[in-house]
Amino acid sequence: MATRKSTAKSNVSAEELLGFYRDMLLIRRFEEKAGQLYGMGLIGGFCHLYIGQEAVVVGLESTAKPDDKRITTYRDHGHMLACGMDPKGVMAELTGREGGLSKGKGGSMHMFSKEKHFYGGHGIVGANVPLGAGLAFSDMYKGNDNVTFTYFGDGAANQGQVYETYNMAMLWDLPVIFVIENNKYAMGTSVQRATKSPSLWERGAAYGIKGEEVDGMDVLAVKAAGEKAVAHCRAGKGPYILEIMTYRYRGHSMSDPAKYRTRDEVQKIRAERDAIEHVRELLLTGKHATEDDLKDIDKEIKSIVNDAAEFAKESPEPAVEELWTDIYA
Amino acid sequence: MATEVLMPALSPTMEEGTLAKWLVKEGDSVSSGDILAEIETDKATMEFEAVDEGVIGKILIEAGTEGVKVNTPIAVMVEEGEDVPAESPSAETAPAPSALNGSEGKTAAPAAAAPMPEAPKADTSPDWPEGTEMKSQTVREALRDAMAEEMRSTDEVFVMGEEVAEYQGAYKITQGLLDEFGARRVIDTPITEHGFAGIGVGAAFGGLRPIVEFMTFNFAMQAIDQIINSAAKTLYMSGGQMGCPIVFRGPNGAAARVAAQHSQCYAAWYSHVPGLKVVMPYSAADAKGLLKQAIRDPNPVVFLENEILYGRSFEVPVLDDFTIPFGKAKTWREGSDVTIVSFGIGMTYALEAAERLAEDGIEAEVIDLRTIRPMDTDAILASVMKTNRLVTVEEGFPQSSVGNYITSVVMERAFDYLDAPVINLTGKDVPMPYAANLEKLALVTTDEVVEAVRKVTYR
Ligand SMILES: Cc1ncc(C[n+]2csc(CCOP(=O)(O)OP(=O)(O)O)c2C)c(N)n1
Ligand SMILES: [Mg+2]
């Protein structure tokens, strides 16, 4: 197979490229493990895996500075790992244990980290979009140059509150990057079956918001677009929209019978467009790493993920008193 | 090393399923993501993918087997070139953790033949020191002063809403704030309740202390998801990390002649929700002290005002800084014959009725809850244990009213003290009509309070 070219100009060092490989692989292996633990009954309820979409969050995180904020939906494990939250704490939250990032009280869809400026993990489709603009508002009010990455899906892009938010974000020049992770489906509804205006980023034009479509299976393209968006926001020019074209390999959640698309469709994208394979090829053909180097990374990731799973199994369930705590500050 | 492949749980409720079809056979090499089998759950037929790479060493459960319990080994995977062990390896199994059974409530169930419970002690401390200078002020002015004082004391406080700045407030509650604090802190929004409520909540997560004004609470219905799902629940869902110090305020309940969509009391709605605090002041002093408290509170507070009360004057203490704590009711009138509990505009009818009843020698104790959540149940119980009779008065609809909740508390904790069934007076069970005569009939009235008291006192 010929090496896929990046659509972006080379904008990374070899070291950074290796970092991308590692970060994306961590997300993929973590999610595979989560799927496995779900199958064993250790994880309950809804569990939405990020497999296939890794380049989106890894590419954008590479453009953030430490104080920038991020907020996303229930499909949040990848975002948490990419911003440096502890895999053990994330996995233990999935198993509903004391050692989880929300002490077992939030679960897969609701996790937060003040320290990493990660503002959730939200289960109501569309609701995190005004919240993200509000976070950006708080930074503008305080007069710093932080930006807020507000991630949401192609399905969420049809919620009314998204457009209420676009309007105010532009009206007040809020430093918010709206990241539409267009994975082509909202549960079982394809974008084509949900709207006749399928270019989601272009809807921002109605409010005067600039944006662009990005190849989300190419981490370098994501990074390049992210840099542009971040520069726009930091310069006080208001919001920016990135519609990142991506694909989820797994079902919507663990209980998705996946009858709305063919297995061939999934296999084809996996085989031809996979973001991790892409970086792997770039590393090998560019002689930035050897097969052995990559094997070492694989091994390291495997052990991180296994440790996280072990921790998530060993950590006790929350004490019964926890039922009554954290209701009021 | 050989590992067992276990029957997966493929839905939140699945306990067993049918292994409908194998898509691999013994000896096949598989890599992560390959479909191994089709499994019928209680909901659908699902594909089951491999998570690791390896070779299918042995299939343990045949295709077509029904009732395969979750976590039963269904196949053995080996590494390339490895033999299938004679005994199946002990796989990475861990039994699912047992669910927490029977959550222990906070209050222990009372013993069967319990003695009469003792009356709790109500907090009757004065709200401000004896002898404090007082001045007459409207509720409107008191609310404005409360916001202005808190905005002066911290830059984190700002006001946003429709017409709050240049127009000076649809009901003039934010009069003068734009002049004093400027457009950075007094922010006119477009008409977009859902959106700006969410932006307010996000700003609170980001460390500010927003005051979000709804032109009336009828319009907050568009924003109720953000108030409940985002503001009220996040502290809990984050294990205590992410608080939301925000005030949602505005007029609530019936104004006059604006009919069904503009005349509804939301006290019972919001009081249902753990994580929210719900305040509904009657007097100007309480409006001021409670709003200042609400702005300082680290939790989301729903602050329900009333348009008819805005123009009413009350005595307000002249103090540089005073607040009224949440969860402390105020006894406006002491009496020994009956307890009337109300809040907000309902207090008008309660107090008028008490005056009229006194002329006939019936002494009513009138309690203003001030905060619906947390609720000062001690004050209610202490009074009911003294008067043995209770009437509640509110403007909202009857079913699942605040009065209903008060009644259940009194039933559980002071049943033997009651000498008559509790009466919950509420608005009528109808959308608010427009016609003047019908509107009057739909609202709770002083006459009805008097009549209810006569009923419970049998006089
Ligand atoms: C307001 C609301 N409506 C419906 C749902 C149920 N639901 C959860 S995810 C989802 C699909 C969302 O798809 P998309 O926005 O494309 O995000 P993706 O799952 O693809 O990441 C739906 C309908 C919900 N959680 N919230
Ligand atoms: Mg989608």
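Computed from a predicted structure; not experimentally measured.

> Is there a simple way to think about the overall build of chain B in this case?
Helices and strands together make up the secondary structure of chain B, namely 13 helices and 22 strands. A compact globule built from 459 residues should have a C-alpha radius of gyration of about 23 Å, whereas chain B, at 30 Å, is more than 25% larger. Projected onto its principal axes, the C-alpha positions of chain B cover 95 × 65 × 45 Å. Taking all 459 residues of chain B together, the buried fraction comes to 56%.

> Please clarify how the sheet that holds strand β6 (residues 210–215) of chain A should be interpreted in this entry.
Each strand in a sheet pairs with another by means of backbone hydrogen bonds, the pair being arranged parallel or else antiparallel. All names here are of chain A. If you walk across this open sheet you meet the 5 strands as β1-β2-β3-β7-β6, and the pairing is parallel. Each of the sheet's edge strands pairs with one partner strand only, and the pair in question is β1 (69–71) and β6. Mean inter-strand twist for the sheet, computed between neighbouring axes without regard to direction, equals 20°. Both strand β2 (residues 148–153) and strand β3 (residues 176–182) contribute to a ladder of 6 bridges, which runs parallel. In the strand pairing of β3, F149 is matched with I177. In the packing of helix α5 (residues 128–142) onto the sheet, the strands contacted are β1, β2 and β3, and the crossing angle to β2 comes to about 175°.

> Which parts of the structure should I look at to understand the site of ligand 1?
All names here are of chain A. Residues in close proximity to ligand 1 total 15 residues, the closest being Y74, R75, G155, A156 and N183. Side-chain polar atom of R75 to an oxygen atom of ligand 1: 2.8 Å apart, as the coordinates give it. In the model, an oxygen atom of ligand 1 is placed 3.1 Å from a nitrogen or oxygen of the D154 side chain. Isolated, ligand 1 exposes 580 Å² of accessible area, and the fraction of that covered by the protein chains is 71%. Its residues assigned to classes, the shell around ligand 1 shows 7 nonpolar, 6 polar and 2 charged.

> Sorry if this is basic, but what is going on with the pairing of strand β18 (residues 338–342) of chain B here?
Within a regular beta strand, the side chains point alternately toward one face of the sheet and then the other, so they alternate between its two faces. Residues and elements named next belong to chain B. Counting buried positions along β18 gives 5 out of 5 residues, so the element sits mostly inside the fold. Here β18 shows two buried faces, one formed by V338, I340 and S342 and the other by T339 and V341. With 5 bridges connecting them, β18 and strand β19 (residues 364–368) associate as parallel partners. Pairing of I340 across the sheet is with V366, part of β19. For the segment spanning β18, helix α9 (residues 346–359) and β19, crossover handedness is right-handed. Here β18 pairs with strand β21 (residues 390–393) via 4 bridges, running parallel. Residue pairing in the sheet places V341 in a bridge with T392 of β21.

> Looking at this structure, I do not really get the environment of I241 of chain A. What am I missing?
Residues and elements named next belong to chain A. Take I241: it is sitting in strand β7 (residues 240–245). Overall, I241 belongs to the buried group, its relative accessible area being 0%. With residues up to four places along the chain from it excluded, the contact list for I241 reads Y166, F178, I180, W201, G204, I209, K210, G211 and E212.

> Would you explain the side chain of H122 of chain A in this entry?
Along the chain, the position of H122 of chain A falls in the loop between α4 (87–94) and α5. A distance of 2.7 Å separates the side chain of H122 of chain A from the backbone oxygen of Y119 of chain A, its partner in a polar contact.

> Help me understand the interface of chain B and chain A, please; the structure alone is not making it clear to me.
It is common to give the size of an interface as the accessible area lost on bringing the parts into contact. Contacts between chain B and chain A engage 79 residues on the former and 61 residues on the latter. A combined buried area of about 5700 Å² lies between chain B and chain A, and 59% of that area is made up of carbon and sulfur atoms. If you look at where chain B meets chain A, you find 3 salt bridges. There are 25 residue pairs in polar contact (both at pLDDT 80 or more) connecting chain B and chain A. Sorting the residues of the side of chain B that touches chain A by element identifies β4 (35–40), β5 (45–49), β10 (157–161), β11 (186–188), α3 (193–205), α4 (224–232) and α5 (234–237) of chain B as the ones contributing at least two each. Residue contributions to the side of chain B that touches chain A peak at 10 residues, all from α3 of chain B. Looking at the side of chain B that touches chain A residue by residue, the classes come out as 36 nonpolar, 27 polar and 16 charged.

> I would appreciate a short explanation of the coordination of the magnesium ion (ligand 2) in the present structure.
All names here are of chain A. Listed as protein donors to the magnesium ion (ligand 2) are D154 (OD), N183 (OD1) and Y185 (O); their distances from the metal cover 2.1 to 2.2 Å. Going along the chain, you hit the donors of the magnesium ion (ligand 2) in the pattern D-x28-N-x1-Y. Accessibility classification places N183 together with Y185 in one group, the buried group.

> When you look at the pattern of salt bridges in this model, what are you seeing that I'm missing?
Side-chain pairs of opposite charge can arise whenever the charged atoms involved come near each other. All names here are of chain B. Using the criterion set out here, one finds 50 salt bridges over all chains in the structure. Here E213 and R249 are joined by a salt bridge, their closest N and O atoms 2.7 Å apart. With E213 in strand β12 (residues 209–213) and R249 in strand β13 (residues 247–251), this pair connects stretches of sequence that are 36 residues apart. Residue E213 is classed as buried on the basis of its relative accessible area, which comes to 3%. Relative accessible area serves as the criterion here: at 0%, R249 is assigned to the buried category. Each of the salt bridges in this network shares a partner with another, and the network as a whole consists of E149, E150, K288, K292, R296 and D321.

> What should I look at first to understand helix α1 (residues 139–153) of chain B in this one?
Counting along an α-helix, one turn takes 3.6 residues, and residues three or four places apart therefore face a common direction. The terminal C-alpha atoms of α1 of chain B lie 21 Å apart, and with 15 residues this matches the ideal 21 Å at 1.5 Å per residue to within 8%. Within the span of α1 of chain B, buried status applies to V139, A142, L143, D145, A146, M147, A148, E149, E150 and M151 of chain B.

> Looking at this structure, I do not really get the packing of helix α6 (residues 160–171) of chain A against α3 of chain B. What am I missing?
Working note: a packed helix pair is described by the angle between its axes plus the distance between those axes. Across the interface, α6 of chain A lies against α3 of chain B with an axial gap of 8 Å and an inter-helix angle of 70°. Here α6 of chain A is positioned roughly perpendicular relative to α3 of chain B, judged by the angle of their axes. Pair α6 of chain A / α3 of chain B crosses with right-handed handedness. From α6 of chain A, Q161, E164 and M168 of chain A reach across to α3 of chain B, where they touch E193, H194, G195, F196 and I199 of chain B. Broken down by class, the residue content of the contact of α6 of chain A with α3 of chain B amounts to 3 nonpolar, 3 polar and 2 charged.

> Explain the pairing of strand β15 (residues 301–305) of chain B here, please?
Residue and element names in this part refer to chain B. Extensive coverage of β15 is indicated by the burial of 5 of its 5 residues. Burial of the side chains of β15 extends over both faces: V301, F303 and E305 are buried on one face and V302 and L304 on the other. In the sheet, strand β14 (residues 277–279) pairs with β15 via 3 bridges, with the strands oriented parallel. Across the sheet, the residue bridging to V278 is V302, located in β15. At this point the chain moves from β14, through helix α7 (residues 284–296), to the parallel β15, and the crossover so formed is right-handed.

> Looking at this structure, how should I read the packing of aromatic side chains?
Describing an aromatic ring pair means giving the distance of the ring centres and the angle of the ring planes. Residue and element names in this part refer to chain B. The final tally for this structure, using the stated rule, is 20 aromatic pairs over all chains. Taking the centre distance of 6.1 Å and the plane angle of 45° together, the rings of Y171 and Y310 count as tilted. Of the two residues, Y171 is situated in the loop between β10 and α2 (177–181) and Y310 in helix α8 (residues 307–310); the sequence distance between them amounts to 139 residues. Look at Y171 and you get partly exposed, because its relative accessible area is 22%. Relative to W332, the ring of Y282 has its centre 5.3 Å away and its plane inclined at 70°; by these criteria the two rings are edge-to-face.

> I would appreciate a short explanation of the nonpolar core in the present structure.
Nonpolar side chains in soluble globular proteins tend to be buried together. Membership of the largest hydrophobic core comes to 83 residues, with the highest contact counts inside it found for F137 of chain A together with F214 and F248 of chain B. Both domains that furnish three or more residues to this core are identified here as domain 2 (134–317) and domain 3 (330–457) of chain B.

Definitions and cut-offs
Residues numbered from 1 in each chain as written. Chains lettered and ligands numbered in written order. Predicted model: local features only at pLDDT ≥ 70, side-chain atom pairs only at ≥ 80, totals over all residues. Heavy atoms only, no water. Helix = DSSP H or I, 4+ residues; strand = E, 2+ residues; numbered from the N terminus. Rg over C-alpha atoms; globule rule 2.2 N^0.38 Å. Buried < 20%, exposed > 50% of the residue type's maximum accessible area, 1.4 Å probe, protein only. Pairing = 2+ DSSP bridges. Axes fitted to C-alpha atoms, helices over the stretch in contact; angles between N-to-C directions. Contact = heavy atoms within 4.5 Å. Near = heavy atom within 4 Å. Polar contact = N/O pair within 3.5 Å; in protein donor to acceptor, adjacent residues only side chain to side chain. Areas by Shrake-Rupley, 256 points an atom, 1.4 Å probe, with all protein chains shown as cover. Nonpolar A, V, L, I, M, F, W, Y, C, P; charged D, E, K, R; others polar. Right-handed = clockwise from strand over helix to strand, strands pointing away. Buried area = accessible area lost by both parts, 1.4 Å probe. Salt bridge = Lys/Arg side-chain N within 4 Å of Asp/Glu carboxyl O. Donors = N, O, S within 2.8 Å, 3.2 Å for Na, K, Ca; no water. Expected span 1.5 Å × (residues − 1). Parallel < 35°, antiparallel > 145°, perpendicular 65-115°, else oblique. Left-handed = near helix turned anticlockwise from the far one by under 90°. Phe/Tyr/Trp six-rings, centres within 6.5 Å; stacked < 30°, edge-to-face > 60°. Core = buried A, V, L, I, M, F, W, Y, C linked by side-chain atoms within 4.5 Å. Domains from an automatic or database assignment.

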